[in-house]
Amino acid sequence: MKTLYEISSHETGTVIIRRRKIAKALRRWLRENEVAFNHRFFVA
């Protein structure tokens with residue numbers, strides 16, 4: 001079982017990432033650049 005992180009925004013589209021650190025970095029970058037985004041995680 002692996003945790004997958006899904007981040008979607010108008011600029012990047014929908015991105016599915018396996019690594020938590022990379023997902024956190026992308027969310028931080030989107031916040032700093034004031035980009036609206038949605039995120040969720042799920043186990044597959």
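No experiment lies behind these values; they were computed from the predicted model shown.

So, how was this worked out
- Residues numbered from 1 in each chain as written.
- Predicted model: local features only at pLDDT ≥ 70, side-chain atom pairs only at ≥ 80, totals over all residues.
- Heavy atoms only, no water.
- Phe/Tyr/Trp six-rings, centres within 6.5 Å; stacked < 30°, edge-to-face > 60°.
- Helix = DSSP H or I, 4+ residues; strand = E, 2+ residues; numbered from the N terminus.
- Buried < 20%, exposed > 50% of the residue type's maximum accessible area, 1.4 Å probe, protein only.
- Salt bridge = Lys/Arg side-chain N within 4 Å of Asp/Glu carboxyl O.

Enquirer: Sorry if this is basic, but what is going on with the packing of aromatic side chains here?
Expert: For any pair of aromatic rings, the description rests on two quantities: the centre-to-centre distance and the angle between the ring planes. Enumeration according to the criterion identifies one aromatic pair in this entry. Here Tyr 5 and Phe 41 contribute two aromatic rings whose centre-to-centre distance is 6.3 Å and whose plane-to-plane angle is 40°, an arrangement assigned as tilted. Within this pair, whereas Tyr 5 is found in strand β1 (residues 3-9), its partner Phe 41 is found in strand β3 (residues 37-43), the two being separated by 36 residues in sequence. Look at Tyr 5 and you get buried, because its relative accessible area is 15%.

Enquirer: Quick question: what am I supposed to make of the pattern of salt bridges here?
Expert: Note that side chains of opposite charge can pair when their charged atoms are close. Considering all chains together, one arrives at one salt bridge under this definition. Notably, a salt bridge pairs Glu 6 with Arg 40, separated by 3.1 Å at the nearest N-O pair. Taken as a pair, Glu 6 in strand β1 and Arg 40 in strand β3 lie far apart in primary sequence, 34 residues in all. Since its relative accessible area comes to 18%, Glu 6 is described here as buried.

Read these as geometric descriptors, not functional statements.
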